[in-house]
Amino acid sequence: MSFEIEQMQETHILAVVALEQECHLSSLGDIGYRKALQDPNSILLVATVELPVCSSSEVVAIFSAQMVIDELQIDNIAVAESYRQKGLATILLAEALKAAKKKGMNSAVLEVRAKNSAALKLYKRHGFIVAGYRKNYYHNPPDDALTMLLNSSKHA
Ligand SMILES: CC(C)(COP(=O)(O)OP(=O)(O)OC[C@H]1O[C@@H](n2cnc3c(N)ncnc32)[C@H](O)[C@@H]1OP(=O)(O)O)[C@@H](O)C(=O)NCCC(=O)NCCS
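The structure displayed is predicted, hence computed values, not measured ones. (Residues numbered from 1 in each chain as written. Predicted model: local features only at pLDDT ≥ 70, side-chain atom pairs only at ≥ 80, totals over all residues. Heavy atoms only, no water.)

**Description of the site of the ligand**
Then step 1. Near the ligand you find 21 residues, and of these Ile77, Val79, Gln85, Thr90 and Asn116 are the closest.
Then step 2. The backbone of Ile77 places a nitrogen or oxygen atom 2.8 Å from a nitrogen atom of the ligand.
Then step 3. For the ligand, the protein covers 78% of the area, taking 920 Å² as the surface of the free molecule.
Then step 4. Looking at which element gives the most residues to the shell around the ligand, the answer is helix α4 (residues 117-125), with six residues.
Then step 5. Broken down by class, the residue content of the shell around the ligand amounts to 12 nonpolar, four polar and five charged. (Near = heavy atom within 4 Å. Polar contact = N/O pair within 3.5 Å; in protein donor to acceptor, adjacent residues only side chain to side chain. Areas by Shrake-Rupley, 256 points an atom, 1.4 Å probe, with all protein chains shown as cover. Helix = DSSP H or I, 4+ residues; strand = E, 2+ residues; numbered from the N terminus. Nonpolar A, V, L, I, M, F, W, Y, C, P; charged D, E, K, R; others polar.)

Rendered as structure tokens:
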């Protein structure tokens, strides 16, 4: 599979929000992403694949986060269902952490459903550890939340 990791642009927003909705993730939405794209503290990436038919590309994965001083606060990472388990999220997260380090990241934080074993594996593989627990934090379907932290000095 050949894909490209790119900075998110306004032209991607519709597809980004649609992918977040497909994955039942909360989203900044159209207006929120337009604002975030103007913010130098945002880290917004997409993975795209070329569509052979009309020489355009399709968004197949997204990453969104912002730097707050030296902490990367990760909002979302999502991969379209038919592109999962091919290493795409691993590459996207590695690129995002590299970009965050260039912006002075010392730590990263995120919240994840306790039953989301794919996401937990992804984050643990990148050095995140479970640092907190919120019982019944999520609804539809109900789930607990885990707060995960990455100490950048422990990340290669
Ligand atoms: C979580 C998600 C982003 C992973 O994307 P992906 O491209 O399939 O992940 P990768 O192929 O890079 O795999 C990452 C790791 O997770 C594991 N993994 C991926 N999907 C898995 C699954 N369904 N079950 C168990 N492990 C899984 C892989 O084996 C890999 O582990 P390894 O490095 O030890 O081999 C994807 O499943 C997704 O978009 N889910 C819906 C949105 C979501 O839950 N986002 C996270 C919000 S916090």
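Still to come is the rest of the account.
**Points about the side chain of His126**
Then step 1. Within the fold, His126 resides in the loop between α4 and β6 (129-138).
Then step 2. Within the structure, His126 has its side chain in polar contact with the backbone oxygen of Leu122 (distance 3.0 Å).

**Quick look at the packing of aromatic side chains**
To describe a pair of aromatic rings, you give the distance between the ring centres and the angle between the ring planes.
Then step 1. If you walk through the whole model with that rule in mind, you get two aromatic pairs.
Then step 2. Ring centres of Tyr137 and Tyr138 lie 5.1 Å apart, and the angle between their planes is 85 degrees; on these two criteria the pair is classed as edge-to-face.
Then step 3. Judged by its relative accessible area of 37%, Tyr137 falls in the partly exposed class. (Phe/Tyr/Trp six-rings, centres within 6.5 Å; stacked < 30°, edge-to-face > 60°. Buried < 20%, exposed > 50% of the residue type's maximum accessible area, 1.4 Å probe, protein only.)

**Quick notes on unusual backbone geometry**
Glycine aside, negative phi is the norm for most residues, and most peptide bonds take the trans geometry.
Then step 1. A cis amide bond links Asn140 to the next residue, Pro141, at an omega of -5 degrees.
Then step 2. Secondary-structure assignment places Asn140 in the loop between β6 and β7 (143-151).

**Structural notes on the pattern of salt bridges**
Then step 1. Across all of its chains, the model carries four salt bridges by this definition.
Then step 2. In this structure, Glu10 and Arg34 form a salt bridge, with 2.9 Å as the shortest nitrogen-oxygen distance. Placement of Glu10 in the loop between β1 (4-7) and α1 (13-22) and of Arg34 in helix α2 (residues 29-37) is noted, with a sequence separation of 24 residues between them.
Then step 3. Of the charged contacts in the structure, one is a salt bridge between Asp30 and Arg34, with a shortest N-O distance of 3.0 Å. (Salt bridge = Lys/Arg side-chain N within 4 Å of Asp/Glu carboxyl O.)

**Some words on α4**
Then step 1. Among the residues making up α4, those that are buried are Ala119, Leu120, Leu122 and Tyr123. Considered in projection along α4, the buried side chains sweep an arc of 160 degrees and stay on one side of the axis. Exposed side of α4, more than 90 degrees from the buried face: Ser117, Ala118, Lys121, Lys124 and Arg125 are the residues found there.
Then step 2. Positive backbone phi, approximately 95 degrees, marks Gly127, located one or two places after α4. (Arc of directions from axis to C-beta.)

**Observations regarding the nonpolar core**
Then step 1. Residues Phe63, Leu72, Leu93, Tyr123 and Phe128 are the most contacted members of the largest nonpolar core, which totals 47 residues.
Then step 2. Ignoring anything within four residues of it in the chain, the contact list for Leu93 reads Phe63, Ile74, Ile77, Leu122, Tyr123, His126 and Phe128. (Core = buried A, V, L, I, M, F, W, Y, C linked by side-chain atoms within 4.5 Å. Contact = heavy atoms within 4.5 Å.)

**Side note on the pairing of strand β4 (residues 71-79)**
Then step 1. Bridge count for strand β3 (residues 56-68) against β4 is eight bridges, and the pairing is antiparallel. When the sheet's bridge partners are listed, Met67 is paired in β4 with Leu72.
Then step 2. Counting the residues in the hairpin turn of β3 and β4 gives two residues, including Ile69, whose phi is positive at 55 degrees.
Then step 3. Here three bridges tie β4 to strand β5 (residues 107-113), and the two strands are oriented parallel to one another. Bridge pairing in β5 links Glu71 to Ser107.
Then step 4. Handedness of the β-α-β unit built from β4, helix α3 (residues 88-102) and β5 comes out right-handed. (Pairing = 2+ DSSP bridges. Right-handed = clockwise from strand over helix to strand, strands pointing away.)

**Quick notes on the sheet that holds β1**
Then step 1. With mixed pairing, seven strands are arranged side by side in an open sheet as β1-β2-β3-β4-β5-β7-β6. Each edge of the open sheet carries a strand with a single partner, namely β1 and β6. The average angle at which neighbouring strand axes cross in this sheet is 25 degrees, direction not considered.
Then step 2. Bridge count for β6 against β7 is six bridges, and the pairing is antiparallel. Bridge pairing in β7 links Tyr133 to Leu146.
Then step 3. Contacts between α1 and the sheet are confined to β2 (42-51), β3 and β4, with β3 contributing the most and set at about 80 degrees to the helix. (Axes fitted to C-alpha atoms, helices over the stretch in contact; angles between N-to-C directions.)

Any link to function would need more than the numbers given here.
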